[in-house]
Structure formats: structure tokens, C-alpha cells
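Residues per chain, in single letters:
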Amino acid sequence: MCGIFGCALLNGDNSGEVLYNSLKRLEYRGYDSAGQATIDAGKMIVAKGVGKIDEVNSSQGLSRMRGKIGIGHTRWATHGAPSKENAHPHLDCSGRIAVVHNGIIENFMELRNALQERGHVFRSRTDSEVIPHLIEDFMRRGKGFVEAVRLAAENLRGSFASAAICLDEPDKIVCIRMESPLILGIGTIGNFCSSDIPALLPYTNKVIPLEDGDLAIVDARGIKILDWRTGSALEREVLEVSWSPEVAMKSGFAHFMLKEIHEQPMAIRNVLRGQRIYYELAASMLKRASKIFLVACGTSYHACLFGSYAMANLAGLTAHPVIASEFEAQCKNLIDGKTSVLAISQSGETADTLNAVRAAKARGASIIGITNTMGSSLTRLSDVYIGQNSGPEVGVAATKTFTAQVVVLLKLAMELARSEGRRNGAVDSLAEELSGLPSKMEAVIRASEERVKGIALKYSAKGSFCFLARGVNVPTALEGRLKLLELSYLPALAYPAGESKHGFIAVVEEGYPVIFLAPRDSTRDRILGNMMEMKARGASIIALIEEGDEELKQLADDFVEMPPCANELLYPAIYVIPLQLFAYYVSTLKGYDPDMPRNLAKSVTVV
Ligand code: M6R
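Residues numbered from 1 in each chain as written. Predicted model: local features only at pLDDT ≥ 70, side-chain atom pairs only at ≥ 80, totals over all residues. Heavy atoms only, no water.

**Section: helix α4 (residues 130–140)**
At step 1: Judged by how many residues are buried, α4 sits mostly within the fold: ten of eleven residues are covered.
At step 2: Along α4, the residues classified as buried are Val130, Ile131, Pro132, His133, Leu134, Ile135, Glu136, Asp137, Phe138 and Met139.
At step 3: Elements that come into contact with the buried residues of α4 comprise β5 (90–91), β6 (97–105), α3 (108–117), α5 (145–155) and β7 (158–166).
At step 4: Looking at the residues trailing α4, positive phi occurs at Gly142, about 95 degrees. (Buried < 20%, exposed > 50% of the residue type's maximum accessible area, 1.4 Å probe, protein only. Helix = DSSP H or I, 4+ residues; strand = E, 2+ residues; numbered from the N terminus. Contact = heavy atoms within 4.5 Å.)

**Structural notes on the packing of aromatic side chains**
Each aromatic ring pair is characterised by the separation of its centres together with the angle its planes make.
At step 1: All chains considered together, the criterion is met by eleven aromatic pairs.
At step 2: A centroid spacing of 5.8 Å and a plane angle of 35 degrees characterise the contact between Tyr495 and Phe504, whose relative ring orientation is tilted.
At step 3: Overall, Phe504 belongs to the buried group, its relative accessible area being 2%.
At step 4: Here the aromatic rings of Tyr571 and Tyr575 are separated by 5.3 Å at their centres, their planes lie at 85 degrees, and the arrangement is edge-to-face. Of this pair, Tyr571 and Tyr575 both sit in helix α20 (residues 571–589), separated by four residues, roughly a single helical turn. (Phe/Tyr/Trp six-rings, centres within 6.5 Å; stacked < 30°, edge-to-face > 60°.)

**Section: the site of the ligand**
At step 1: If you check the shell around the ligand, you find 14 residues, and the closest are Ser300, Ser345, Ser347, Thr350 and Glu486.
At step 2: The contact in question runs from an oxygen atom of the ligand to an N or O atom on the side chain of Lys483, over 2.9 Å.
At step 3: When the ligand is considered free in solution it has 410 Å² of accessible area, and contact with the protein chains removes 91% of it.
At step 4: Sorting the residues of the shell around the ligand by element identifies α10 (298–315) and α17 (474–488) as the ones contributing at least two each.
At step 5: Across the shell around the ligand, the residue classes break down as five nonpolar, seven polar and two charged. (Near = heavy atom within 4 Å. Polar contact = N/O pair within 3.5 Å; in protein donor to acceptor, adjacent residues only side chain to side chain. Areas by Shrake-Rupley, 256 points an atom, 1.4 Å probe, with all protein chains shown as cover. Nonpolar A, V, L, I, M, F, W, Y, C, P; charged D, E, K, R; others polar.)

**As for the pairing of strand β25 (residues 558–562)**
At step 1: Across the five residues of β25, four count as buried, placing the element largely inside the fold.
At step 2: Where strand β24 (residues 540–546) and β25 come together, five bridges link them in parallel fashion. In the sheet register, Ala543 faces β25, and the bridge partner there is Phe559.
At step 3: You can see the chain leave β24, run along helix α19 (residues 550–555) and come back into β25, and the turn it takes is right-handed. (Pairing = 2+ DSSP bridges. Right-handed = clockwise from strand over helix to strand, strands pointing away.)

**Brief notes about the pattern of salt bridges**
At step 1: Taken as a whole and assessed by the stated rule, the structure comprises 33 salt bridges.
At step 2: In this structure, the salt-bridge partner of Glu450 is Lys453, at a minimum N-O distance of 3.4 Å. Taken as a pair, Glu450 and Lys453 lie in helix α16 (residues 437–459) at a separation of three residues, close to a single helical turn.
At step 3: On the basis of relative accessibility, which here comes to 32%, the residue Lys453 falls in the partly exposed class.
At step 4: Between Arg524 and Glu551 there is a salt bridge, with its nearest N and O atoms 3.0 Å apart. Separated by 27 residues along the polypeptide, Arg524 in helix α18 (residues 524–536) and Glu551 in helix α19 bring together distant segments of the chain.
At step 5: One continuous salt-bridge network, built from bridges that share partners, spans Arg524, Asp525, Asp549 and Glu551. (Salt bridge = Lys/Arg side-chain N within 4 Å of Asp/Glu carboxyl O.)

In C-alpha cells, the structure reads:
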């Protein structure tokens, strides 16, 4: 997730200052590098660099750039490490076209190879750089700037919000959109484009959110919108935004956490677009290993637990999940040159995880990292790493980064299964079902949020909760517990349901709330038995059940209906959503701030 801003000014030539101030408002979308391009006196001026916007401004003078028109970008690296070359804007060969992009171009390799064969010279390792070269390629074949952008859009596969400027038509910005947000702003000092509303608000509250397939021509006097698939003109409604700047930062949600819960379908679409080559590299390393450890802390450790189920079930591999801070004590004598450590860390900076990785590396293990933060310490320590592409997560509680980790691990397990020639039919049908996961997540959020809010209201005064599940749903139960615990400061519990009668059941008394994860899978009948045991002791049963499971509906005091999945390994990514929402609403009902729970930090860099 990156931030884009563009301006076409009527009178002043201070576009550098407008872009810089706006990029600062978009910095929460990414901040590993930044850059701007303006057109001044018939010349393309480009300044970019690594670091936060203020650092890049100090070294490159972003705010002093002149010109009536310009585009800017703040980056969250996906393809290519954070570096000056990989920072946006990117230029074509001639330096006459500048482009900023947010999203992932899936077919960039094939486009890049074809463009290189036609003589184009690339300067970065990004997927985005294909866009200016594609535009240039069409312009070399006699097309005008706008038509060349339209044809470029037709050739791109994946997600993109992109803005381009060109010396040949120096009064306009041409924007295209597919699946990544892009919003136009109609102001009195000029017109704008931005990846988010907050950056537009200092200039205007009149906005037009572009839709998939839109191409917009923005100049200082007006805006024209076309469908880039057909070339026909479009009318789009102008909306008046009444959000305060604070609410606008959260896209209208009350908290970042809620925004990030709602962003999960998009985050998973990005994971599904991740390049296969990284999975192939990681899989070939894991296949050669005689021992595999999955190492992480907190939520990322729950993803590890899921990963060990997925690898065992799909690829027949044993991968031992270990809490990072225990890794040395537990495993140091087991590590040798044939060991692979798969370390998972959203931030890539968690000290316990990095320590475990360093200890394993020192004993000759190979390291595979899964992280949301390109350029982090984990990426530097890893032999191979996979980016989870979730975009920055502001809420301290991990939400979208958990589901992204789960899907990365599922893809990796599928890659391992394929490379071992195992269960190809099953893996193919899982792949097909996985492609529908983002829509299923959208449906779950839509269908469950109000119901979960009601359940939170009914039970929020309870002093403790327990989450029970079986099989691959156990990591989800543990994650539901962690969310509730860290946001509501309640001593919540979670167990594999079968284990509950070996101790926990002593706690149960009249009205004690037990939350069951009960999809109609291979664990369902045993879960039913556990529900009866709890019910017999007076527990209040809250159950996540499959649509139409009448028997469980009768048994539960409260239930949330969930859509079915053909493959059990898809349950965690959807069943965790009502649990995240439950923790969020209990926390807000208690008057706490779910974005900043007490005593916690987003990245724990001490051991
Ligand atoms: O950045 P990491 O994934 O390494 O962070 C690990 C934990 O600190 C983190 O998941 C923590 O448990 C979250 N606050 C959970 O919501």
C-alpha cells in the first residue's frame, strides 16, 4: 500500500509544496521512500530518496520544487527493496513521462521482458516501472499521451492506481484505476488526485472516487473521466465530504483497527497476487531441510501454528511451531546445517524473533522470512523472504496482517505439495476456492458485524471468556483470545476443545461465556460433544456455526452463521473475523482505545 498525490494548479507554481504537504498526510500508507515529479518551464524535474518524507525533503528539497503540475508518491515496498532507484516516480527512457503507482502489476515480468526486447532500459527492480515504458512505447507508435495511458492500462494485469504526467501535454495528469483506491478532488486553486481522502481535505471537500476501469484526465480547469476498457466518456457523481481530518485518516471508521478489519479482503487479494517465484524458492529450501521450525511471537506465532497444520495436511511435512523467545532454550541442540527456520514477523523487527533467527543462523540453519516490512532486519537476515503485502497496520492489534500470514503459509504449503507431486487434484481445487476467499471475507464482514456487536453488548460485562476449537481452528481460537485479552484487559482463555475437560472445565459455572468455533468439518461432531459438556455445567454458549446448522443453533445461546468452505484450511481466515470484531466492540464498549491498548507496542524491539 503506497500513497499517491497529484495536483494541477490554476495560478501558483508551488506544486512541490502542495505535493510535499499532501504526502505527509498520506505517510501512514507507507514511508520507506518518497519522491515527486513536476513540470517546470518545459522540463521534467524529479526528486526522490529513501526514508520518511521529511528526510527525503531535507536531502532533496521536495517542497521547493516549482511547477503548476506534479505527482508524488510515498512508498511501501512490495517489488524491490527500499532504495532511491526503486522509489517513485519512475520515468520512461526519454525522461519525458513520469509515473507513480500503487498496487501490484501481476504480469510485469512478461511486460518488462517484451519492452526490454524492444530496447527499453529499466533502472529499477519494481513492477511499477513497466507503466512509463508502456506509455512511451505506445507514444513511439504515434499515439497521443491519453490514448497511450489507456492502452497501457489495457495491457496491465493486477491492481493499480496510477498517475502520469508527460512533457508533450504538460497541463494534465492522467490517472487510471483498477482495484487500488484513487480519488479526485475538485478545488478552487486547482484539481487533484489522491489515494485517500484525508490528503485532499485541505484543498477541497468535493471528491470523486474513481471506480475500476476509470481513466481520468485532470487539469487545472476540469476533470474528464473515460472508461479505459472502451474509451467512452463517463459521468461520476461528485461527493461532498463532511469528515473531520481525524476521521478522514481512518477512511470514516472510528478506529484504525476497524478500518484494518475491513481491509482484509483487499489485503488477501494482494497476497494472492504475490509472485510465485518467492514461494518456489522458499519451498525448495524447505524440501531440502531435515528439520523445519516455524518461529514467531504473538499473533504471528498463531499463524505459525496454522502453518504447521497446513504443511502437515497438504505436503506431509513436519514443521515445529516454536515461540521465538523459547527457541534457543528449546531447540538450540537440534539445529544444524540441514535445518530451516521459517520466521514470521509483521514488523520484521521483533527482538525475540530476530534473536531466534540469529541463533539458528549461527548454527548453520537456512532462514526463510515472512514479513510485511521490506527492508526490515528480518529481510536482511533471511536467505529467502516472502512479503505479505498487507500495507501498513496502524492498530497495535494485528488483524489484516494475521489473515495475510495465514494465506501466505497456505500458499507455501500448496507450493510444497505441488513440488512433491502430492494431492494435485486437492491442491488445484483448494487454489480455486482460495481465489474466492476475498469475496467470502467481504460477505462475512457484511453479514456478521451487527450481530457480533449485539453479542458484545450482551456479554461485555463478563469477567472472563474461553475460546474452544479443534483441529486447524485451534490457532484461530488462540488468536481470538489474544485479541480480546490485549484490547479488553480480560483474563481470557483458549484451548483445543478436547483439552478443556483436563482442567479448564473446573472454571465453568452458571453464565460463564464459552465461545466455540464450530464449522461443519471433520471436528464438528466432537465439538458438539464439548458444547454439551459446557452447557451441562451452565456455560453460556456463543458459537460460530455453519449456515443452516440447526442442531448447533438450538444448543447455542448466541450464534453467528458462517459460510461453508469445501477445504477446512480456509476456515481460519474467515472465522477469525467475527472474533476480531468481538474484541473490537467489547473494547470500545468498555471505553478503551482499541488502537492503542495499554502497555503494548506495535513492534516489540526488546527481549
Ligand atoms: O511484528 P511481529 O509480527 O513480529 O509482532 C509479533 C507480536 O508482537 C504481535 O503479533 C502482537 O502479539 C500483536 N499485538 C497482536 O495483536
